[in-house]
Amino acid sequence: MNTYLIKKTTAQFAEDINWKQTDIMWLTANCGDGSALYKTKCCLAYNEKGIFYRFEVEDDKINCTMRKYNAPIYNEETVELFIQPTQDKTHYMEFEWNGIGGVFCAQVTNDLKGSTSLDFMKKNIIDSKIYATEYGWIVQGMLPAKLFNAKFEGEWKFNAYRIKKDKNDEQILLSYSNTIVPNYHIPDKFAVLKFEK
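From a predicted model like this one, the values you see are computed outputs, not experimental measurements.

Conventions we followed
Residues numbered from 1 in each chain as written. Predicted model: local features only at pLDDT ≥ 70, side-chain atom pairs only at ≥ 80, totals over all residues. Heavy atoms only, no water. Helix = DSSP H or I, 4+ residues; strand = E, 2+ residues; numbered from the N terminus. Rg over C-alpha atoms; globule rule 2.2 N^0.38 Å. Buried < 20%, exposed > 50% of the residue type's maximum accessible area, 1.4 Å probe, protein only. Contact = heavy atoms within 4.5 Å. Areas by Shrake-Rupley, 256 points an atom, 1.4 Å probe, with all protein chains shown as cover. Lys, Arg positive; Asp, Glu negative; His and termini not counted. Charge placed at Lys NZ, Arg CZ, Asp CG, Glu CD. Phe/Tyr/Trp six-rings, centres within 6.5 Å; stacked < 30°, edge-to-face > 60°. Pairing = 2+ DSSP bridges.

## Description of the overall build of the chain
In step 1: Secondary structure summary: the chain contains 0 helices and 14 strands in total.
In step 2: Taken from the N to the C terminus, the helices and strands of the chain come in the order β-β-β-β-β-β-β-β-β-β-β-β-β-β.
In step 3: In terms of C-alpha radius of gyration, the chain reaches 15 Å, essentially the compact-globule figure of 16 Å for 197 residues.
In step 4: With respect to the three principal axes, the spread of C-alpha positions in the chain is 45 × 40 × 35 Å.
In step 5: For the chain, the proportion of its 197 residues judged to be buried stands at 50%.
In step 6: Taking contacts inside the chain between residues at least 6 apart in sequence as the whole, the part at least 24 apart equals 61%.
In step 7: When the accessible area of the chain is evaluated, it comes to approximately 9,900 Å², of which 50% is carbon and sulfur surface.
In step 8: Taking the 25 positively charged and 26 negatively charged side chains of the chain as two groups, their mean positions are separated by 4 Å.

## Some details on unusual backbone geometry
In most cases, non-glycine residues show a negative phi, while peptide bonds are predominantly trans.
In step 1: Its identity as a non-glycine residue notwithstanding, N70 has a phi of 65 degrees, on the positive side.
In step 2: For N70, the location among the structural elements is in the loop between strand 5 (50–58) and strand 6 (78–84).
In step 3: Phi is positive for L112, close to 65 degrees, though the residue is something other than glycine.
In step 4: L112 gets classed as partly exposed once you look at its relative accessible area, which sits at 47%.

## Some points on the environment of Y46
In step 1: Tracing the sequence through the fold places Y46 in strand 4 (residues 40–47).
In step 2: Along the chain, Y46 and A145 lie 99 residues apart, while their C-alpha atoms are 9.3 Å from each other.

## Looking at the packing of aromatic side chains
In step 1: This structure, assessed with the given rule, holds 20 aromatic pairs.
In step 2: Judged by centre distance (5.6 Å) and plane angle (90 degrees), the ring pair of Y74 and F104 falls under edge-to-face. You can see Y74 sitting in the loop between strand 5 and strand 6 and its partner F104 sitting in strand 8 (residues 103–110), a full 30 residues away along the chain.
In step 3: Given a relative accessible area of 30%, Y74 falls into the partly exposed group.

## Description of the pairing of strand 12 (residues 155–165)
In step 1: Burial within strand 12 is extensive, with 10 of its 11 residues counted as buried.
In step 2: Summarising the sheet, strand 6 and strand 12 pair through 7 bridges and their orientation is antiparallel. Along strand 12, the bridge assignment pairs V79 with R162.
In step 3: As paired strands, strand 12 and strand 14 (residues 191–195) are joined by 4 bridges and run antiparallel to one another. Counted as the bridge partner of E155 is K194 from strand 14.

Right, here's the structure in full:
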């Protein structure tokens, strides 16, 4: 099982973080063969304000149309974080961003038998900014502490994902901790998120 050490920062905004000093997680083919048709990396940091995130995304074309908050952007192309603050595998947070400003935030209830339900956060309180690059795009920002109702300490569970569509409109699935099956809602496959003291 993958373990990611999330380092503490004194920064107030994602733009102030020296991301080169954080650990990098590379996303690879979710099938588990280690390949990555599109390079995608994610970095995290934290302090009492919340969890800061940054995705650097290699992309030749952004196939997105949805900008409305909590639109089903996972049906197009996204990067995603699933974060489980407790040992309860049936409850975790799902966060998504696309390359044109779409944001998705919901509490997931998973019956662990193949069915999930979503409780959407009605107001978008997530700080997120998108930057175009010569190789694709970057999204970064902060997830406020009040989203989690838990102390930033010890070990949580989480995973990072990407959905990309190929020229035939088929999904390319990438993940930090591969779930192997074409489904990201597999808590048993989540990685460990270890908080630096």
